[in-house]
Amino acid sequence: MLSFLRPLIPALLAAPLLALAAPPQAATEHVQARLVSSQSTVAPGQRFTVALEQNIKSHWHTYWINPGDSGQATSIDWMGAEAGPIQWPTPTVQPIGPLVNYGYEGRAALLVELTVPADAKAGSRFKPTAEVRWLVCKDVCIPEQVSLGLDLPVVGSAAAAKAGDDAAQIEEWRGLIPKPANFAVQIKPAPQGVRLSGPTPGVTKAYFFADTWGAVTHSAPQALKSEGGGWALDVPAGEEPVAAGKPLSGVLVLTTGAGDQAWALSAPMPEGAGKGPGPADFSAPDAGTAPAAATPAPESDLGLLPALALALVGGLILNLMPCVFPVLSIKALALVNKGNHKAEGLAYTAGVLVSFLALAAVLIALRAGGQQVGWGFQFHSPVFVLVVAYLLFLVGLSLSGFFEIGGRITGIGSGLAARDGLAGSFFTGVLAAVVATPCTAPFMGAALAFALSQPAMVMIAVFLALGLGLALPFLVLAFWPAAQRWLPRPGAWMDKFKQFLAFPMYAAVVWLLWVLAQQAGPDGVALALGGLVLMAFGLWWRNASGASALGTGAAVVSIVMALGVATWIKPVSADVRTAGESTEAFSSERLAELRGQNKPVFVNLTAAWCISCLVNERVALSRPEVHEAFAKAGVVYLKGDWTREDPKITAVLKAHGRSGVPLYLYYAPGAAEAQVLPQILTPGLVVEAVSSPPSATTSRSST
């Protein structure tokens, strides 16, 4: 009778524990943290300062409000008190391989203003608690969390409240918080970003820490110049430059003969501020200093017309990729059997272009929201992978003759792709565009990297050029009568060929389920197989009922239920999948360590859904002659997995001018920069790269 109380028992048992005050200090393996109060007693409604003091293990660091190219800022979730924002002390530069982060080493104190509830009673206790989370990094990064609290007596009035023993220490820490600049700082457009300038004489070093990600290129040098008796600092814009009229804010550190002084800045971005230097392979600076000069990657100088040309050629080559070619074969039957070739070609092209336009729009929206995204980003989602598998499965069933296209079932995505007429051509174009995204063709890398760093209209133009290249072969066949003579004559063979084309669809489904296994584990694959069974059962019922209204409804319901199953799939925690015992998981920290030891390093950034990546691994990287060359040269093989979206790998891709995988880098001993290998590998290319002397492997790249 009291069974309904059972779920409440754990909460009831835990209630006395929750009433206990959290301790003011706690320690993890790498950080000792404590809350320090400026008051020993407080009054109702009183506002006072609390510091989160972090004593960080030697050679480890935590992160600032803008962590830089990677990392995560410390967060404090307060309960039992109204809390203001964190007041951050001035960070230092933390270089990790080609990346630059902002953070703290040794000892750091983050200040927060707390307000006592106005209805607090004199004689009671004020017990605010804080859930504190940080990421602490050295060779590896470890997320840590502690629960801290204060227990302060409440007195009747602010006059009766007493300062604490640590009040002087807190004022000392307050002195480390950047103060608003007491001089005029001008912000003017510069060719690669903005120029900050001011009247302070004798400035020997300067650095600007932007407090939002993407406002500046963290790894790029900031050039200091003398100007009009004062100083001028050129700051390259980042991947998400501040829009004109919006505030550019952060911390400016100026070094003079009197030492370092940090100033808090916030001023509207002027019209005409230039774009940043684009993706680059930057040399890492010394910790605590501004980044050293770097050489931009070749892609940063690409103009609009070359980018459009490369996108067109890359889209054309996409037709030969294994992820696209089977889909195109579906509409090959249409040109054999139908007479209205031009209309079919235009409809197919429209489907491709509309899809690429939609993809560009999604990328623009995500970029505006601060997301780091690249080519093939949608395959990071296991739900999207499964929906595409469902679609190809239905296409395969239709080509196998399992159900006829017609009636109300034509609204199903696979039917739209396989049906006759202009609608079928349009949705085949859509399907071709969808399955093209996990592939990367030669020439695409430079064009996409350029597009993703440009304004919206330029990005849309490059994506439409890529779509036009994908649609071009079918469009040429549709409009060029001489090319149509190459097509075979209609006949009974067409029905058998149509059924044969179902098997590439089924093979694509198997591949997508394998990708899903990497993302969602065995449980995700089991749910996916259950969804396929549901769809097959619904379509069988439709056939068994003679395509009656009830049977058709059952088919539609089964597909809807299968889509519902897709929403249950959740990504599993990432694990390292390596190609062999000699392969290590990629991390920027590990790369920096190996380069510091002057060891040759080969980096492979890949994804399970990237067919080009898988082909390269089979035909080149897994070959015995490549393994022998690696062993002979002592090459350490690092493999980074982008199957699930990983911001750190995204940052490395962007730093080398790429918007997606694959990316292959070879760091020779003593080389200042990595050699960027082509996106289509051969064993000879890899062997030549690792066998060449260091002087031959610097400043070389390929699209």
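Residues numbered from 1 in each chain as written. Predicted model: local features only at pLDDT ≥ 70, side-chain atom pairs only at ≥ 80, totals over all residues. Heavy atoms only, no water.

The strand order β14-β21-β20-β17 describes an open sheet built from 4 strands, whose pairing is mixed. Bordering the open sheet on either side are β14 (179-180) and β17 (205-210), each of which pairs with just one other strand. Pairing of β14 with strand β21 (residues 259-268) involves 2 bridges; the strand directions are parallel. By the bridge assignment for β21, Pro180 is matched with Ala264. (Pairing = 2+ DSSP bridges. Helix = DSSP H or I, 4+ residues; strand = E, 2+ residues; numbered from the N terminus.)

One pass over the structure, following the stated rule, counts 15 aromatic pairs. Each ring, one from Phe602 and one from Tyr664, has its centre 6.4 Å from the other, and the planes form 25°; the classification is stacked. Of this pair, Phe602 sits in strand β25 (residues 601-606) while Tyr664 is found in strand β27 (residues 663-667), placing the two residues 62 residues apart along the sequence. With relative accessibility at 0%, the residue Phe602 sits in the buried group. (Phe/Tyr/Trp six-rings, centres within 6.5 Å; stacked < 30°, edge-to-face > 60°. Buried < 20%, exposed > 50% of the residue type's maximum accessible area, 1.4 Å probe, protein only.)

Moving on, we get to helix α19 (residues 683-691). By the burial criterion, the buried members of α19 are Pro683, Val686, Ala689 and Val690. The buried residues of α19 all sit within an arc of 135° when viewed along its axis, so they share a single face. (Arc of directions from axis to C-beta.)

Here we come to the environment of Gly149. Its place among the elements puts Gly149 in strand β12 (residues 141-149). Each C-alpha atom, one on Gly149 and one on Pro23, is 5.3 Å from the other, the two residues being 126 residues apart in sequence. Setting aside anything within four residues of it in sequence, one finds Gly149 in contact with Ala22, Pro23, Pro24, Leu35, Pro128 and Thr129. (Contact = heavy atoms within 4.5 Å.)

The next subject is the sheet that holds strand β19 (residues 230-236). Taking strand neighbours across the sheet as the criterion, the 4 strands line up as β15-β16-β19-β18 in an open arrangement whose pairing is antiparallel. Lying at the two open borders of the sheet, with one neighbouring strand each, are β15 (186-190) and β18 (223-227). Going from strand to strand, the sheet's axes swing by 25° on average, the running direction of each strand aside. As defined by bridge partners, β18 adjoins β19 across 5 bridges and the pair is classed as antiparallel. (Axes fitted to C-alpha atoms, helices over the stretch in contact; angles between N-to-C directions.)

For the chain, the average pLDDT comes to 77, and 75% of its residues sit at 70 or higher. Scored below 50 in pLDDT, residues 405-419 makes 37 contacts in the model with residues more than four places away or belonging to other chains. Between residues 573-581, whose pLDDT stays under 50, and residues either more than four places distant or in other chains, the model counts 11 contacts. (pLDDT = per-residue confidence, 0-100.)

A few words now on a nonpolar patch on the surface. On the surface, Phe537, Trp540, Trp541 and Leu550 cluster together into a nonpolar patch covering about 470 Å² of accessible area. Per-element tally for the nonpolar patch: the top contributor is helix α13 (residues 502-544), with 3 residues. One can find Phe537 in helix α13. Here Phe537 falls in the partly exposed class, since its relative accessible area comes to 46%. (Patch = residues over 30% accessible without salt bridge, like charges linked within 9 Å, V, L, I, M, F, W, Y side chains within 5 Å. Areas by Shrake-Rupley, 256 points an atom, 1.4 Å probe, with all protein chains shown as cover. Salt bridge = Lys/Arg side-chain N within 4 Å of Asp/Glu carboxyl O.)

Here the focus is unusual backbone geometry. For His59, which is not a glycine, the phi torsion comes out positive at approximately 75°. Topologically, His59 is positioned in the loop between β3 (47-56) and β4 (61-68). Note on His59: relative accessible area 60%, which makes it exposed. Here the phi dihedral of Asn598 falls at roughly 60°; this positive angle occurs in a residue that is not glycine.

It is at 9 Å that the axes of helix α17 (residues 624-633) and α19 come closest, and there the two elements cross at 5°. The angle between α17 and α19 falls in the class roughly parallel. Packed against α17, whose contacting residues are Glu625, Val626, Ala629, Phe630 and Ala633, the element α19 presents Pro683, Val686, Val687 and Val690 at the interface. Partitioned by chemical class, the residues of the contact of α17 with α19 number 8 nonpolar, no polar and 1 charged. (Parallel < 35°, antiparallel > 145°, perpendicular 65-115°, else oblique. Nonpolar A, V, L, I, M, F, W, Y, C, P; charged D, E, K, R; others polar.)

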